[in-house]
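Coordinates in review
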Amino acid sequence: MAASGGGSGRQLPFNFDDPDVATKIACWSAGRGLSLTNRGDQMGNPRARDRASRIYLGFGLVGLAAIAAGFSTTFFLPMYRGTFVAPAIVHLHGALALSWIILLITQSSLVRAQSTPLHRRTELIGLPLAIGILVTGVLVALWAARRDYPSQGPVAASLMIGVFTTLTLFVLLVGLAILWRRWPDWHKRLMLLATILVLWPAWFRLRHLMPWLPRPEFWLAYVLALSPIGLAALYDRWKYGFVHPVWIYFGTAIILEQGLEVLAFDSPAWRSVGMWLFQTFA
């Protein structure tokens, strides 16, 4: 099945059983008028075969550093001093989130080492791990809302919404990445995008190290946290000639959705939803 591209005569194929689907969509998106074979030789195949790229391993290490720095004052140092008090679900959520970054680093290292069979076996834990992060993250958000409501009021309830939406999008991206694992250029970019999305709490907690920074929810949790999407798109443009559809469509959608959350946070409508969630589940 195909959808007409209009007067240009180009077509966008929607048959995802076609092993060349990623290349075909990239050709259609580029709109350069190149044949499938020509564009595939220039873009689709090099992307799929790009085993030595350091961007995925590099971002995994950056994510690890962000976690270490962001949670240093609120988790790691209090844990070391014996002053951190929280239920077991908080520790479980943190362990699962850290495991996700370790999984990204491990998978990237396996691909670079051309250990494809082991990479494919270990990737199967990705979706259960992502679901575990979602479930524990929601439970932690409910616990935090109950803890903070006496001092913060409805703002504590409003904070729950972003956790629900972001972690749900995270799991959807991971699910798509695993579903489309036959197309490595789509698979690895979706996994990277999911990781970018789930790391925002680490970037946001850098505010404790930069108390002078105005509006940290914008500059840290939005601009800094999502800037890797733009950097990855520029990397594609530099290395392959144009930007992969994952960054054009999925990346743009994430930037817009997260931007709307920043704008709508604690508005009357947002607060109403937050209070409903708090009164129903917390």
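Residues numbered from 1 in each chain as written. Predicted model: local features only at pLDDT ≥ 70, side-chain atom pairs only at ≥ 80, totals over all residues. Heavy atoms only, no water.

Regarding its fold elements, the protein chain presents 13 helices and two strands. Across the 282 residues in the protein chain, those meeting the buried criterion constitute 42%. Long-range contacts, defined as pairs at least 24 residues apart, comprise 70% of the intrachain contacts of the protein chain with a sequence gap of at least 6. A total accessible area of about 14400 Å² is found for the protein chain, and carbon and sulfur atoms account for 67% of it. (Helix = DSSP H or I, 4+ residues; strand = E, 2+ residues; numbered from the N terminus. Buried < 20%, exposed > 50% of the residue type's maximum accessible area, 1.4 Å probe, protein only. Contact = heavy atoms within 4.5 Å. Areas by Shrake-Rupley, 256 points an atom, 1.4 Å probe, with all protein chains shown as cover.)

It is worth spelling out the packing of helix α3 (residues 55-70) against helix α4 (residues 72-81) at this point. Put simply, α3 and α4 touch, their axes get as near as 6 Å, and they point 75° apart. Classified by the angle between their axes, α3 and α4 sit roughly perpendicular to one another. Facing α3, whose interface residues are Ile-67, Ala-68, Ala-69 and Gly-70, α4 presents Ser-72, Thr-73, Thr-74 and Phe-76. Among the residues making up the contact of α3 with α4, the classes are represented as four nonpolar, four polar and no charged. (Axes fitted to C-alpha atoms, helices over the stretch in contact; angles between N-to-C directions. Parallel < 35°, antiparallel > 145°, perpendicular 65-115°, else oblique. Nonpolar A, V, L, I, M, F, W, Y, C, P; charged D, E, K, R; others polar.)

Now for the pattern of salt bridges. Applying the stated criterion across every chain, the model contains five salt bridges. Note that Arg-147 is salt-bridged to Asp-148, the shortest N-O span being 2.8 Å. Its relative accessible area of 48% is what places Arg-147 among the partly exposed residues. On the basis of relative accessible area, Asp-148 is assigned to the buried category, the value being 15%. The salt bridge involving Asp-266 is made with Arg-271; its shortest N-O contact spans 2.7 Å. Using a relative accessible area of 22% as the deciding quantity, one classes Asp-266 as partly exposed. (Salt bridge = Lys/Arg side-chain N within 4 Å of Asp/Glu carboxyl O.)

This brings us to the confidence of the model for the protein chain. Here the protein chain averages 85 in pLDDT, while 81% of its residues score no lower than 70. The model gives residues 1-19 a pLDDT under 50, and that stretch makes 32 contacts with residues more than four places away or in other chains. In the model, residues 24-44 has pLDDT below 50 throughout and makes 42 contacts with residues more than four positions away in sequence or in other chains. (pLDDT = per-residue confidence, 0-100.)

In this structure, Arg-215 takes a positive phi of about 45° despite not being glycine. Tracing the chain through its elements places Arg-215 in the loop between α10 (200-204) and α11 (216-240). Given the relative accessible area of 46%, Arg-215 is considered partly exposed. The backbone phi angle of Asp-266 is positive, close to 60°, even though this residue is not glycine. In this structure, Asp-266 sits in the loop between α12 (245-264) and α13 (268-281).

This paragraph deals with the packing of aromatic side chains. Evaluated as defined, the whole model comprises twelve aromatic pairs. Seen from their ring centres, Trp-180 and Trp-186 are 5.4 Å apart, and the 85° between their planes marks the pair as edge-to-face. Put simply, the rings of Phe-75, Phe-76 and Phe-84 touch in pairs and so form one group of aromatic residues. The positively charged end of Arg-207 is found above the aromatic ring belonging to Phe-204, 4.0 Å away from the centroid. (Phe/Tyr/Trp six-rings, centres within 6.5 Å; stacked < 30°, edge-to-face > 60°. Lys NZ or Arg CZ within 6 Å of the ring centre and 35° of its normal.)

Of all hydrophobic cores here, the largest spans 59 residues; its most connected members are Trp-100, Ile-133, Met-160, Phe-170, Val-174 and Trp-247. At twelve residues, the largest contribution of residues to this core is made by helix α8 (residues 154-179). (Core = buried A, V, L, I, M, F, W, Y, C linked by side-chain atoms within 4.5 Å.)

This brings us to a nonpolar patch on the surface. Residues Leu-61, Leu-64, Leu-98 and Ile-102 make up a contiguous nonpolar surface patch of about 310 Å² in total accessible area. Counting only elements with at least two residues in the nonpolar patch, the list comes to α3 and α5 (88-112). Since its relative accessible area comes to 31%, Leu-98 is described here as partly exposed. (Patch = residues over 30% accessible without salt bridge, like charges linked within 9 Å, V, L, I, M, F, W, Y side chains within 5 Å.)

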